[in-house]
Amino acid sequence: MASSVGKKGGTAEPQDGGHTAEPTLTPVPVGGSSTHGLTVDWGDQEPGVMRRRTQRFRGLRKGKTDTSDLRQNQLLLRLDKLLYDGPNENGLAAKAALKARRDYERTVVSWTEDAVVNLCPDCTKPFGMLRRKHHCRLCGSIICADCSLGLELDVCLKMLADSGVAIAGGKGDKANRQVKVTPDHAFRVCDTCVQICQKTMVSQQVQKEAEEKQKKRHVVLKMHDLLMKELAAIEERLPIYTKVAFSILRGNQLERYEWAAMERETISRQFKALDDVSQKIKVFNTASADPNSNSVRVQANIRRRIQEYLQQNMLTLVKLPDPREVERQLRERDARLAAEKEAKAAARAAAAAAAA
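To keep things clear, this report deals only with the structure shown in the data block. (Residues numbered from 1 in each chain as written. Predicted model: local features only at pLDDT ≥ 70, side-chain atom pairs only at ≥ 80, totals over all residues. Heavy atoms only, no water.)

## Some remarks on the pairing of strand β5 (residues 148-152)
Here comes step 1: Counted residue by residue, β5 has five buried out of five residues, so it is predominantly covered.
Here comes step 2: Of the two faces of β5, both are covered, the one formed by S148, G150 and E152 as well as the one formed by L149 and L151.
Here comes step 3: Alignment of β5 against strand β6 (residues 186-190), held across five bridges, turns out to be antiparallel. Bridging from a neighbouring strand, L151 pairs with F187 of β6. (Buried < 20%, exposed > 50% of the residue type's maximum accessible area, 1.4 Å probe, protein only. Helix = DSSP H or I, 4+ residues; strand = E, 2+ residues; numbered from the N terminus. Pairing = 2+ DSSP bridges.)

## A few points about unusual backbone geometry
Here comes step 1: A positive phi angle, near 60°, is found at T124, a position not held by glycine.
Here comes step 2: By the element assignment, T124 lies in the loop between α3 (94-108) and β3 (134-135).

## Thoughts on a positive patch on the surface
Here comes step 1: A surface patch of like charges, here positive, comprises R102, R106, R132 and R305.
Here comes step 2: With respect to the element layout, R305 can be found in helix α8 (residues 294-313).
Here comes step 3: On the basis of relative accessibility, which here comes to 62%, the residue R305 falls in the exposed class. (Patch = residues over 30% accessible without salt bridge, like charges linked within 9 Å, V, L, I, M, F, W, Y side chains within 5 Å. Areas by Shrake-Rupley, 256 points an atom, 1.4 Å probe, with all protein chains shown as cover. Salt bridge = Lys/Arg side-chain N within 4 Å of Asp/Glu carboxyl O. Lys, Arg positive; Asp, Glu negative; His and termini not counted. Charge placed at Lys NZ, Arg CZ, Asp CG, Glu CD.)

## Quick word on the environment of H135
Here comes step 1: Here H135 lies in strand β3.
Here comes step 2: A relative accessible area of 9% means that H135 is categorised as buried.
Here comes step 3: The spacing of H135 and C190 is 55 residues in sequence and 8.0 Å in space, taken between C-alpha atoms.
Here comes step 4: A distance of 2.7 Å separates a polar atom in the side chain of H135 from the backbone oxygen of T112.
Here comes step 5: Polar contacts involving the side chain of H135 include one to the side chain of D114, which spans 3.4 Å. (Polar contact = N/O pair within 3.5 Å; in protein donor to acceptor, adjacent residues only side chain to side chain.)

## Quick notes on the pattern of salt bridges
Here comes step 1: Evaluated as defined, the whole model comprises ten salt bridges.
Here comes step 2: Across the pair D276 and K272 runs a salt bridge whose closest N-O atoms are separated by 2.9 Å. Linking D276 with K272, this pair stays in helix α7 (residues 257-283), spanning four residues, or about one helical turn.
Here comes step 3: The class of D276 is partly exposed, set by a relative accessible area of 33%.
Here comes step 4: For the salt bridge of R324 with D322, the shortest nitrogen-to-oxygen distance reads 3.1 Å.

Take it as geometry only, folks, not as evidence of what the structure does.
In structure tokens, the structure reads:
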């Protein structure tokens, strides 16, 4: 393509149907700043080749960033919100405080829907009547009681203080913030989030205090596990015993009377164990505790539910007849069977004699 230079102030015409304008050279007065006394007017130019470097930059940054630290900071910020930015529970009634707290916790992190999780993701054990679902307050996942624990208020505060993250107790208005939860409140947290957050617990004393608090909770959990085992054993024995006991009362399966009597004694002992363990759970470590605290309420609820279960099942346990009555029925049955056998034999003999 040939190039042409227009007159002063003119523009170059495109040649051969081209779309790019040729530059126009314009003389510059003496004292101007352009090189060699000329200035170049390039006209309208099409944009050149563009390349996005965002993804490459993200890849390089990801390779040099410790994701565990990012995750740790994220969990600590959520913990800070749970402590300082939630509803003020002090002065509220127990039920009102619990509802307000639950509603706010769902805004900090979205909770996994109960319907989509059937197994605990940590221990892979199925959820059911004996294994309840719990939500982690830091990540929102569903876990069982064995794969989670409750972070006490003082432990949470020390974790934030030792973290080095400028959140709780910082400068400005954050330094004057007030904790919104009650002193006995404990946040349900999964073991995975605890392991991530424990990186901040530099002080061995903090770790020791957390372990001591968990030991007390483990006592209640162990008693609760024992309670659930006894309950499961009763639920397995009771339907079979009830069926056999009603059959004996109707005069059937009398030969199973001894088994039924032993089974009834075993079930009665298990009922007694349920009563004793639930009473221990109710009074454990509650002498100096706040009567309105979560732990005291939970332990009292466990006792109340076991009492209701005992009223529905122990008091209605089917009674077996008197052993002497069973022996009399057995003798009558044996005599009846013997008489029927003799009658059949006599009938066969009479039929044979008639045939002869």
